[in-house]
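# Tertiary structure, described
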Amino acid sequence: MADKAYITPNVLKWARETARMTEEIAASKVSVSVEKLIDWEKGRQQPTIKQAQILAKAYRRPFALFFLPEIPRDFQPLQDFRKKDAKPLGTASIFIIRELQQKQAWIRDVSIENGQTKLSFVGKFSIKDHPQKVASNILETLAINPANYQSDHPIKEWIKAAESIGVFVSRTSFIHSKLTLSAEEMQGFAIVDPYVPFVFVNSEDWNAPQLFTLVHELAHIWISESGVSNEIAAEINDKDKFHPVELFCNQVAANALMPIEVLNTIDPKMFYNSNEVYKIAKTLGVSSFALLFRVFQLKLISLKVYNALKSEAEINYQSFIEKEAVKKLKQKESSGGPNPYLLRLNKNGRLFTQIVLDAFKGGVVESTQASLLLNTPVNKFSFLEAQLYR
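The model shown is predicted, which means the values in this text are computed figures rather than measured ones. (Residues numbered from 1 in each chain as written. Predicted model: local features only at pLDDT ≥ 70, side-chain atom pairs only at ≥ 80, totals over all residues. Heavy atoms only, no water.)

### Describing the overall build of the chain
Helices and strands together make up the secondary structure of the chain, namely 17 helices and six strands. A compact globule built from 390 residues should have a C-alpha radius of gyration of about 21 Å, and the chain, at 23 Å, falls within 12% of that. Projected onto its principal axes, the C-alpha coordinates of the chain cover approximately 80 × 50 × 45 Å. Counting across all 390 residues of the chain, residues that qualify as buried make up 47%. Residue pairs in contact within the chain that sit at least 24 positions apart in sequence constitute 70% of those at least 6 positions apart. Positive and negative side-chain charges of the chain, numbering 48 and 42 respectively, have mean locations separated by a distance of 3 Å. (Helix = DSSP H or I, 4+ residues; strand = E, 2+ residues; numbered from the N terminus. Rg over C-alpha atoms; globule rule 2.2 N^0.38 Å. Buried < 20%, exposed > 50% of the residue type's maximum accessible area, 1.4 Å probe, protein only. Contact = heavy atoms within 4.5 Å. Lys, Arg positive; Asp, Glu negative; His and termini not counted. Charge placed at Lys NZ, Arg CZ, Asp CG, Glu CD.)

Structure below.
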């Protein structure tokens, strides 16, 4: 007979509920009935050790946690800045938030121990300041000029610049192959901290929306507002459904990515041609929709022209999406998909990965902890490190 795990029932239930997992899904993980799972959570029966271990893995909690006498203190949930009618955050969203909170807590302790000083830009402004002023300071602090990107991938330049000043950036679209993140549910979030701020970007979208999300989340850092965001875009309808902080951060992102000074250097006639709009938007790293709304707001085009070009942009966007889908399918068939260590590097963040690897090599962190922090076996660290220098 299998050994029983004499877990604390209410802790087991709490672990499932904080994973946003239904009784049905949790029961299916260990191939038992919902009634059996409820009996475990009420203390009428006990799971086997193996069953409890499976649940611990499914809930992404340490197995030993189930044996605590009472529910432990957990990370505080981030403020929900999403639209009023947004659906509740699901398991994947909860897991990525918790994972980054754990990483942030670890690196914060290390940074403070090493004498890290507070970052001056964190909380430098508030929602009472003008969005353009905040945007200008972000560009100045990151030393970025949207009129003069050095590559065809502005988002990479923004991430590199953000990490160079101490902002940790994570990008992914999945927890694992069967647990993916929905951009409709969550596009990004920010964990504000004066020593080690973190931002997350859901990479389910293509690069232009990701870049807008990244800068939006940086705005959260600059005004010291931790929280979860969705429907991040330059153009927002039904503004009464959005939190004022979100509307403000969207304005900051639009001003930072499409500064009025840059747009004023462009021949206004260019904004009346959909092909030219697309070229300008691509150069700036934004979508045609974002650029059109921005120039309309600045009165560089009329409402009639805006609506006409927006309709053309929608048609072109659908064509783009279809081509991208075919392109990704061909890449997957020919190469078996993207490098898993590159995906892991993006999820952990380059800055975080480098710090953990350096700490491991210097004997500051043990192999088990380093492996957990990077979600990578120690004997595979070399593959992860190789991606750092590409």
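Now, onward.
### Concerning the nonpolar core
Inside soluble globular proteins, nonpolar side chains tend to come together where they are buried. Core analysis: the biggest nonpolar cluster contains 63 residues, and Leu 142, Trp 158, Leu 214, Trp 222, Leu 257, Met 258 and Leu 291 have the highest contact counts within it. Not counting the four nearest positions on each side in its chain, Met 258 is found in contact with Phe 212, Leu 263, Leu 284, Val 286, Ala 290, Leu 291 and Arg 294. (Core = buried A, V, L, I, M, F, W, Y, C linked by side-chain atoms within 4.5 Å.)

### Description of the pattern of salt bridges
Counted according to the given criterion, the structure contains 14 salt bridges. Put simply, Lys 83 and Glu 231 hold a salt bridge, and the shortest N to O gap is 3.1 Å. With Lys 83 in the loop between helix 4 (49-59) and helix 5 (91-113) and Glu 231 in the loop between strand 6 (227-229) and helix 9 (244-257), this residue pair connects regions lying 148 residues apart in the sequence. Note that Lys 347 is salt-bridged to Glu 99, the shortest N-O span being 3.3 Å. Taken as a pair, Lys 347 in helix 14 (residues 340-348) and Glu 99 in helix 5 lie far apart in primary sequence, 248 residues in all. For the pair shown, Lys 347 and Glu 99 are each scored as buried. Each member of the salt-bridge network shares a partner with another, and the members are Arg 60, Glu 99, Lys 103 and Lys 347. (Salt bridge = Lys/Arg side-chain N within 4 Å of Asp/Glu carboxyl O.)

### What to know about the sheet that holds strand 4 (residues 188-191)
Taken in spatial order, the four strands line up as 1-5-4-6 in an open sheet, and their pairing is mixed. Lying at the two open borders of the sheet, with one neighbouring strand each, are strand 1 (168-172) and strand 6. Averaged over all neighbouring strand pairs, the angle between strand axes comes to 15°, with direction disregarded. Pairing between strand 1 and strand 5 (residues 198-202): five bridges, direction parallel. Residue Arg 171 lies in a different strand from strand 5, and its bridge partner there is Val 201. (Pairing = 2+ DSSP bridges. Axes fitted to C-alpha atoms, helices over the stretch in contact; angles between N-to-C directions.)

### Let's talk about the packing of aromatic side chains
As enumerated under the stated definition, the model contains 11 aromatic pairs in all. Plain terms: the ring middles of Phe 63 and Phe 67 are 5.2 Å apart, the flat faces sit at 85° to each other, and that makes the pair edge-to-face. Three or more aromatic residues joined by ring pairs make a cluster, and in this case those are Trp 106, Phe 168, Phe 198 and Phe 352. (Phe/Tyr/Trp six-rings, centres within 6.5 Å; stacked < 30°, edge-to-face > 60°.)

### With respect to helix 16 (residues 367-374)
Among the residues making up helix 16, those that are buried are Ala 370, Ser 371, Leu 373 and Leu 374. Seen from one end, helix 16 has its buried residues packed into an arc of 165°, which puts them on one side. Seen from the buried face of helix 16, the exposed residues on the opposite side, beyond 90 degrees, are Thr 368 and Leu 372. Structurally, helix 16 contributes buried residues whose contacts are with helix 5, helix 14, helix 15 (350-361) and helix 17 (381-388). The positive-phi residue at the C-terminal boundary of helix 16 is Asn 375, with phi of around 55°. (Arc of directions from axis to C-beta.)

### Some thoughts on the environment of Asn 148
The topology assignment puts Asn 148 in the loop between helix 6 (131-142) and helix 7 (154-164). In sequence terms Asn 148 and Trp 222 are 74 residues apart; their C-alpha atoms lie 23 Å from each other.

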